[in-house]
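Chain by chain, the residues:
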Amino acid sequence: MSGVKTDSPNATAGRLEGLLVEFDSPTALVAAAEQIRDAGYRRWDTHTPFPVHGIDEAMGIRPTRLPFIVFLLGFIGCIGGLVLQWWTNATGASDFPGLPTFLQGYNYLISGKPEFSLPANIPVIFETTVLLAAFAAVFGMLAMNNLPKHHTALFASERFRRVTTDRFFVYVDAADAKFDEGQTTSFLGGLGGSQPEAIHDIASSPSALPGGLKVSTLILISLLFIPPLVIARARVAKSNEPRIHIIQDMDNQERFKAQQAASAFFADGRASRPQPEGTVARGDLRFDTHYYEGKIGGEYATTYPEQVTINEQFIRRGQERFNVYCAPCHGLGGAGNGTVNATALRLETAGWIAPTSLHDQLARSRPLGHIYNSISNGIRSMPPYGDQISPTDRWAIVSYIRALQFSQQADLDDVPPEVRPELR
Amino acid sequence: MASVPNEIDNTWNRPGERAPLITGGHDFTSLTDVACGPAETYRPPRAWYIAFTISVVLLAILGASIGYLIINGVGVWGVNNPTGWGFAIINFVFWVGIGHAGTLISAILFLFRQKWRTSINRFAEAMTIFAVMCAGIFPGIHVGRIWVTYWMGPLPNQMAMWPNFRSPLLWDVFAVGTYATVSLLFWYVGMIPDLATFRDRSKNKIRRFIYGLFAMGWTGSSRHWHRFERAYLILAALATPLVLSVHSVVSFDFAVSQLPGWHTTIFPPYFVAGAIFGGFAMVVTLALPAREMFGLKNIITLRHLENCCKIILLTGTIVGYAYLMEFFISWYGGNQYESFIFRARALGPYAWAYWTMITCNVLAPQLFWFKWCRTNLWVMFIVVMMVNVGMWFERFVIVVTSLSQDFLPSSWHYYVPTAIDWLTLAGSFGLFFTMFLLFCRFLPMVAMAEVKTVMPHADAHAHVPASRSFDYNPDDFEPEQEQK
Amino acid sequence: MCRRKCDPNCVRNKQETQQPNNMTAHTPDKQAVTAESQPLSNGAASVSRIALVIGAIGLIVGVVFGFRDGWEVFFRSYLLNYSYVLSIALGALFFVMLQHLTRAGWSVGIRRLAEFIAGTIPVLGVFFIPLLIPIFQGMAGVYEWSNAEIVAEDELLQHKASYLNAPFFVARCAVYFIIWSLLARYFLRKSLAQDATGDPKLTLDMMWWSAPGMLLYALTVTFFAVDALMSLNPHWFSTIWGVYYFSGALVGFFSLLAIVMHVVRNSQRMGQLLTREHFHDVGKLAFGFVVFWAYIAFSQYMLIWYANIPEETVWFQPRQADNWWIGVSLLLLFGHFVAPFLALVSRYPKRRSGLLVIAAGWLLLMHWLDLYYIVIPSGHAVAEHAAPLHVSDIALFVGLGGVFVAAFTRPMARHALAPQRDPWLHESLTFENV
């Protein structure tokens, strides 16, 4: 209390705010409170260092409505948590078209859980419920108590400073309808406490906020608005400058560029380590020569490998692949008259060797493995297709070629009776 | 610390009588003087300075090791494949566990009408806040690019990307975030009346202004007290399940997986019991020197400490029960991976950690069956230090044994933490103790307003309980010697 | 609460005190307390007799249906209802020991009622013996593991045979019942002895035994739950199982306690001993354990649902397979948690015994449904062909429930209804909730 005269606040001029009486035990206070309550005062209060048992009854305080507020906010938190999780994880752009992107949900499947997984949502629902309920309890209590408040008239009283330590007070507000300075003073004086002390409204209370504080706080708060405003402006403005990287992440990192003579990564100038001798990539061992090379013991296979099953679906797959990869040269019917051949002939391309017809005697006598091998590795001027067509598909093409060859050699008995009428 | 002679023994059991919780013949005035002492004294005790210096050095180490980590990446830690979770998660669970005792002591003991909580609840709550701060560091720094940790929150963004709410790690974000917030509110709300005491007792204007700012104009109005108490009760009722939920969610991080040793249904209550256990040990660890340093022996009495010891015994035994159930079911379930990992814990490469854990967590607290151990400060201190160590090792055992020996034996790998790992752990203690020592120095470490309510002077009705009219008079009764 | 805080409801309390049926404590005196805790000589004895007759009829009807529909159905129903009444008695035993362990003062007035309920354990021990028949008969419809043929074909059951076998099962159950009976008898005897002598040393004795008693209790209840209920589905396992059974048991116990308190009060007894504050506290405990049960049940369900491992989901699979069991599951979720949570969260119903007993009756029903949900769909044979709800489920509920009621009301006719001379009785008479 340095420098402030505190001997008698009563001496300071000011409007009368109320009367303060001091008691030295909770028992005396409760007894006094009952009398004041019965005398019919309404705007008055008791002040104690701790919650005194029985004072509520003595003062006639009604139960607070706080629990209802807490329940309500808790309920909102519960529903809010549920909706948040449903919205963000179980709805997508297509569910609510027209929403701005940043409000769209993002529904995706993960760890085999449904998009809307209620059991997995319970923990977060619980937390949001508790969080909002706790906010309601604390901020509701403060609001109902009209707090925070840095200064009240009571702080003008020097003896009132012991209210938070060991003294008990009754304060009757001058605004009370029954308040009469003389009468109330004598009434309060007879309650067994100290003599009533008049509390005046004084401008320069020791607890009042320092003068410059409000101004400087306002200035500080205004300054705090500047960075968000700058950011907000940057979001709508256009610029030709590259964006500013505050955090570099991996934007600028060492790397090996094409055409660069030598990398600094390793002493031998390479950017990565060569594979050790004999390395085989996973799944690329290709031990099964029948399936992968079409050969058994070095001889071309005459049977299909066990990995494939010949049925209509498989041959149709072969047809589809054949039409993609083979037909441009060999023609849809396999006669060697595809569009590439036709174009080459039309342009009279020098050195053009026409594709083989798959129906000539040589082609028809080739074993299955030979055709497979030709697709895989090419033959004569035909390029290899092994890198583009998977082994199974190559076998499918082989099966389709066999079907094509058969179709050109078949007689009427090979056609099922029900489709014979379609023949012309 | 073991200056036992000036301890007042209020640990006696006399049926029908309650031992005084505040000894030394205090009244409201002298109690307030004692409780405000640490914050009002011009010079704190020398021990405070020594402890503070050490803590700040450790805090600097924490800062340095985190800086080193950010610059170099998580490769500076000892994590490997398959042990992809190392010290970060161990320390996180350890600290968040300690962070549970404060709010739990305060909230659950409040609901159970345990009057003795009033002497220790404030600094236990403070301990919660600081422990959760320590815990929060680790998930933050383990992500590698710590500047995008805000992605963990559900923030609207241009990519329409949201957190995956089906992931237990995200539940953690919500649970720990809510817990930190509610604990802070609970702590702060309880502190408002005591901050008002500080304000009213302050001798200079600056102090008065600053404490006044935080006391929010509290005048001890009974109308305010009424709502305050209801709010406090509601907060306690909310905080109790919250405490349970937070450590349950932490346990879900492990238990929803399919990893042997992690996936077991008892994890949620077992983790909660472990958290209370470790937290109470830390409360006693802090209370023993603090009451000595700041002369609070009459407020945090031997009986308070004895009660803490009993809870440590109880929760330690519950933890032992969970170990037992895990072991039994690992055999009973007949799953070979499960039984392998439990055999490996006890006999495998980390057996040393496992047996440290068992010794510290299950065996050491059993000393507290004996009253002599519950009231001897040195024994108490040794046991709680063992529990602190043991609870850290519990998390180590859970995390490391299951990960380092996963389903694929060819990838098994022994986990060795690096120096940075150890320095970060030590540094987190620096943060914890720095905050705690500052708290002792500047904030009300005893909930004065609450302690006053449990003092006999506080009874406004002052009616002598009707016990006197019963046929049993406690004064005639010779207190019985402790049964053995 | 503990802090002698001002009661926001003091105003309401004042109104309550003006009601003719005064439920708030005043300053009590010894004569009044002794008088109003007199045994309910006639009332309790006749209730006990009637309950016994009804129980006997229920058991006979159950046996008749056993002859008609097969014994596997009978024993399954018997196990369901047996584990139901036993759980309530075990809850009472826990409550009694907890009060001594924590040196509780508020509960002294109602502790005797819990002691009576716990005192039924020795009688219930006798009623456990019929459950050994299906085990020695190897009835696969009850305990699969007791059937040698099934075990011979099942590698997993062979692995567990060293634990799940008839002699060891009998030995374990004998140990459980001996421990529980000794504890229940001990706390009841000492408490009754104190009525006569008023010796406070007895309180110290009970306090001392409550701690090791708790330890034994935790282990025995856990393993009982594993043996009697979890092993119905012997392939399945869950480490939280013991806690799950315990949490439901406490819900059942506090519900029954509230009802018994209400009935005793309406029998012109214990007017000062059973105040609104006691109903409020018992209501709070019931509420607390409803939430605890939900927490444990959710922990178990969520972890199994999330990991989705077949060897664990096997337990929930039949319970979500058809509409009946989905209905029961949802009824448990809403009836055992959501509805009682909303009903009891406010202090209003907890302080009014008339409303509290409605909630308590509902919870007792839900606790039965919980055990029904546990017992009936487990195991193989029976669940497939029997109707989901069999007459014997109800008949044996009446039968064993009648026996249980008879067993705990009988001592109420002979002994004081409250520990009249407990040194902490005054706290129970004067305490107030916040």
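Note that the structure is a prediction, hence the values are computed from the model and not measured.

1. With respect to the overall build of chain C
- When helices and strands are counted, chain C shows 20 helices and zero strands.
- Taking 434 residues into account, the globule formula puts the C-alpha radius of gyration at 22 Å, and chain C, at 22 Å, falls close to it.
- The 434 residues of chain C split such that 55% are buried.
- Across chain C, the fraction of contacts at a sequence separation of at least 24, relative to all contacts at a separation of at least 6, is 82%.

2. Structural notes on the overall build of chain A
- When you go through chain A residue by residue, the secondary structure sums to 14 helices and six strands.
- Rg of the C-alpha trace for chain A: 47 Å, well past the compact-globule value of 22 Å for 424 residues, more than 25% over.
- Structurally, chain A occupies a C-alpha span of about 135 × 65 × 45 Å along its principal axes.

3. Remarks on the interface of chain B and chain A
- The interface of chain B with chain A comprises 63 residues on the first partner and 68 residues on the second.
- Mapped onto the side of chain B that touches chain A, the elements with two or more residues apiece are α1 (28–40), α5 (168–201), α6 (205–215), α7 (222–255) and α15 (448–453) of chain B.
- Tallying contributions element by element places α7 of chain B first for the side of chain B that touches chain A, with 16 residues.

4. What about the sheet that holds strand β1 (residues 16–23) of chain A?
Residues and elements named next belong to chain A.
- With respect to topology, four strands assemble into an open sheet ordered β2-β3-β1-β4, the strand pairing being antiparallel. Two strands close off the open sheet at either side, each with one partner strand: β2 (44–47) and β4 (197–200). Strand after strand, the sheet turns through a mean of 25° between neighbouring axes, direction not considered.
- Relative to strand β3 (residues 168–173), β2 runs antiparallel, the two being bridged by four bridges. Paired with Trp44 across the two strands is Val172, which belongs to β3.
- Contacts from helix α1 (residues 26–39) reach β1, β2 and β3, with the element oriented near 20° to β3.

5. Observations concerning the packing of helix α2 (residues 46–72) of chain B against helix α14 (residues 419–442) of chain B
All names here are of chain B.
- In the contact formed by α2 and α14, the axes pass within 6 Å of each other and the chain directions differ by 140°. The angle between α2 and α14 falls in the class oblique. Crossing of α2 against α14: the hand is left-handed.

6. Some remarks on the pairing of β4 of chain A
Residue and element names in this part refer to chain A.
- The alternating pattern of β4 places Glu197 and Ile199 on a buried face, while none of Ala198 and His200, on the opposite face, is buried.
- The sheet contact formed by β1 and β4 spans four bridges and is antiparallel. Its bridge partner lying in β4, Leu19 is registered against Ala198.

7. Quick notes on the nonpolar core
- Counting residues in each nonpolar core, the largest one holds 335 residues, and the members touching the most others are Ala137 of chain A, Leu235 and Val283 of chain B together with Ala89, Leu93, Leu257 and Ala286 of chain C.
- No other element matches the 20 residues that α7 of chain B contributes to this core.
- When neighbours within four sequence positions are excluded, Leu257 of chain C is seen to be in contact with Ile110, Leu113, Ala114 and Val282 of chain C.

8. What to know about helix α13 (residues 368–377) of chain A
Residues and elements named next belong to chain A.
- Taken residue by residue, α13 has Gly369, Ile371, Tyr372, Asn373, Ser374 and Ile375 as its buried positions.
- Along its buried surface, α13 packs onto α8 (289–293), β5 (295–296), β6 (299–300) and α14 (391–409).
- Directly beyond the C-terminal end of α13, a positive phi value near 80° is found at Gly378.

9. Topic: helix α12 (residues 241–266) of chain C
All names here are of chain C.
- The end-to-end C-alpha separation of α12 is 38 Å, in line with the 38 Å expected for 26 residues at 1.5 Å each.
- By the criterion of burial, α12 is predominantly enclosed, with 22 of the 26 residues buried.
- Directly after α12, the chain includes Gln268, whose backbone phi takes a positive value near 60°.

10. Considering the packing of helix α11 (residues 351–363) of chain B against helix α13 (residues 377–404) of chain B
Residues and elements named next belong to chain B.
- α13 packs onto α11 with a crossing angle of 140° between their chain directions and a minimal axis gap of 8 Å. The orientation of α11 relative to α13 falls into the category oblique. α11 and α13 meet at a crossing whose hand is left-handed. Where α11 abuts α13, its residues Ala353, Tyr354, Thr356, Met357, Cys360 and Asn361 lie against Met386, Val387, Val389, Gly390, Met391, Phe393, Glu394, Phe396 and Val397.
- For the contact of α11 with α13, the residue count by class is 11 nonpolar, three polar and one charged.

11. Structural notes on the environment of Gly331 of chain A
Residue and element names in this part refer to chain A.
- Inspection of the secondary structure puts Gly331 in the loop between α10 (327–330) and α11 (339–347).
- A sequence separation of 27 residues divides Gly331 from Leu358, and the C-alpha atoms of the two residues are 9.7 Å apart.
- Residues contacting Gly331, with those up to four places away along its chain left out, are Gly336, Asn337 and Gly338.

12. Some remarks on the confidence of the model for chain C
All names here are of chain C.
- This prediction gives chain C a mean pLDDT of 87; 91% of its residues lie at or above 70.
- Counted against residues more than four places away or in other chains, residues 1–26, with its pLDDT under 50, gives 62 contacts.
- Across the predicted assembly, pTM comes out at 0.84 and ipTM at 0.90.

13. Some details on the environment of His370 of chain A
All names here are of chain A.
- On the secondary structure map, His370 appears in helix α13.
- We classify His370 as partly exposed; it has 19 C-beta atoms within 10 Å.
- Remark: the alpha-carbon pair of His370 and Glu299, spanning 71 residues in sequence, is separated by 9.1 Å.

14. What to know about unusual backbone geometry
All names here are of chain A.
- The step from Leu147 to Pro148 runs through a cis peptide bond, and the omega angle for that step is -5°.
- Positive phi, normally seen in glycine, also occurs at Arg380, with a value near 50°.
- Topologically, Arg380 is positioned in the loop between α13 and α14.
- Arg380 gets classed as exposed once you count the C-beta atoms within 10 Å, which come to 8.

15. Some remarks on the pairing of β3 of chain A
All names here are of chain A.
- Counting buried residues along β3, five of its six residues qualify, which places the element largely inside the surrounding structure.
- Of the strand pairs in this sheet, β1 and β3 are connected by six bridges, and their pairing is antiparallel. Bridging across to β3, Leu19 finds its partner in Val172.

16. Let's talk about the confidence of the model for chain A
- Confidence along chain A averages 86 in pLDDT terms, with 94% of residues attaining 70 or more.
- This model gives residues 1–11 of chain A a pLDDT under 50, and the stretch forms 14 contacts once residues within four places in sequence are excluded.

17. Regarding the environment of Gly279 of chain B
All names here are of chain B.
- Looking at the element boundaries, Gly279 is found in helix α8 (residues 267–293).
- As a C-alpha pair, Gly279 and Trp48 span 231 residues in sequence and 22 Å in three-dimensional space.
- When near neighbours in sequence (up to four residues on either side) are disregarded, Gly279 contacts Gly97, Ile98, His100, Ala101, Gly102 and Leu104.

Calculation criteria
Residues numbered from 1 in each chain as written. Chains lettered and ligands numbered in written order. Predicted model: local features only at pLDDT ≥ 70, side-chain atom pairs only at ≥ 80, totals over all residues. Helix = DSSP H or I, 4+ residues; strand = E, 2+ residues; numbered from the N terminus. Rg over C-alpha atoms; globule rule 2.2 N^0.38 Å. Buried ≥ 20, exposed ≤ 12 C-beta atoms within 10 Å, placed from the backbone. Contact = placed C-beta atoms within 7 Å. Pairing = 2+ DSSP bridges. Axes fitted to C-alpha atoms, helices over the stretch in contact; angles between N-to-C directions. Parallel < 35°, antiparallel > 145°, perpendicular 65-115°, else oblique. Left-handed = near helix turned anticlockwise from the far one by under 90°. Core = buried A, V, L, I, M, F, W, Y, C linked by C-beta atoms within 7 Å. Expected span 1.5 Å × (residues − 1). Nonpolar A, V, L, I, M, F, W, Y, C, P; charged D, E, K, R; others polar. pLDDT = per-residue confidence, 0-100.

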